Amino acid sequence: IVVEICSACMPNLTGVDSTFMQSSSDLVGKPDPFAVLKLTRDKRNEAGDLVMDQIGVTRRCEYKTDTNAPSFRFHADLGVEASDDQVLVVEVWDYDTFSSDDFLGVAVVRVGDLAESPKLFQLFGGKVEKGDESYPKAFKADWLSKQVPLSADHDSRRRTLEATRSGGAEHGASSWVELRRCSR
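Notes on the structure in this doc start here. Keep in mind the model is a prediction, meaning the values are calculated, not measured.

In total, this model carries seven salt bridges according to the counting rule given. Between Lys38 and Glu91 there is a salt bridge whose closest N-O contact spans 3.4 Å. Taken together, the residues span a long stretch of sequence, with Lys38 in strand E2 (residues 33-40) and Glu91 in strand E7 (residues 87-94) at a distance of 53 residues. Asp84 is paired through a salt bridge with Arg181; the nearest N and O atoms lie 3.5 Å apart. Separated by 97 residues along the polypeptide, Asp84 in the loop between strand E6 (71-77) and E7 and Arg181 in strand E11 (residues 176-182) bring together distant segments of the chain. Looking at Arg181, the relative accessible area reads 24%, which means it is partly exposed. Where salt bridges share partners, they join Glu4, Arg73 and Arg180 into one cluster.

On to unusual backbone geometry. Most of the time, phi is negative for any residue but glycine, and the peptide bond is trans. With a phi angle near 50°, Asp66 is a residue other than glycine that sits in the positive phi range. Among the secondary structure elements, Asp66 is positioned in the loop between strand E5 (54-60) and E6. We classify Asp66 as partly exposed; its relative accessible area is 45%. Of note in this structure, Ser145 is not a glycine but carries a positive phi near 55°. Counting through the fold element by element, Ser145 comes out in the loop between strand E10 (138-139) and helix H1 (156-166). Residue Ser145 is classed as buried on the basis of its relative accessible area, which comes to 14%.

Attention now goes to the sheet that holds E5. Here we have four strands laid out as an open sheet, ordered E5-E2-E7-E8, and antiparallel in their pairing. Here the strands that pair on one side only, and so sit at the sheet edges, are E5 and strand E8 (102-110). Averaged over all adjacent pairs, the angle separating strand axes in this sheet is 20°, with direction ignored. Here E2 pairs with E7 via eight bridges, running antiparallel. Bridge assignment links Val36 to a residue of E7, and that residue is Glu91.

Procedures and definitions
- Chains are numbered independently. Their residues run from 1 in the order of the written sequence.
- pLDDT decides what is reported in this predicted model: residues at 70 or higher carry local features, side-chain atom pairs at 80 or more are listed and counted, and totals for whole chains, interfaces and linings draw on all residues regardless.
- Processing note: side-chain calculations cover all non-hydrogen atoms of the structure and skip hydrogens and water entirely.
- Salt bridges are identified by distance alone: a Lys or Arg side-chain nitrogen within 4 Å of an Asp or Glu carboxyl oxygen.
- Under the scheme used here, helices are H or I runs from DSSP no shorter than 4 residues and strands are E runs no shorter than 2 residues, and both carry numbers assigned from the N terminus.
- Using a 1.4 Å probe on the protein chains alone, a residue whose accessible area is under 20% of its type maximum counts as buried, one over 50% counts as exposed, and one in between counts as partly exposed.
- Between any two strands, at least two bridges found by DSSP are needed for them to pair.
- Angular values range over 0 to 180 degrees, each being the angle between N-to-C directions of two axes fitted as lines to C-alpha atoms, with helices fitted over their stretch in contact.

So this is what it looks like as structure tokens:
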């Protein structure tokens, strides 16, 4: 499967009120985000949460400097033919030069829900221990393929991205990642 991560929008990653902040060192400036893409089987634990059971390879894009709204335009070949019931895990991290990278959020998307036209999927965040290789290890079932509704106004996404880049996005706005499936 080949997937393109087009862009992301994380309007509330700066400031004390953000639920995504990892430590006091992250309260200054904007993140330097990068994305990690993995493919996993739809395997569940006793609680019904999706458990990470990776297949294929991990792909990581270059980080973008000082932005809450990166334009990644990154194509990733995950090295296997994927079935529609497998799950794409997209982790977004903040690149740090002098310390461990900080986890910003994750989108969990059923491969069958990807299309050749881009769709927006919600990023879910939370605290993570420094130095953890991959977080989280399990995902809540209701995170799976949670799409962010698109407004009927075609320019609304562009305005949200511009407002986020300039620091003017409204508090509580959804964080999302834009994904599409590509033909080989």
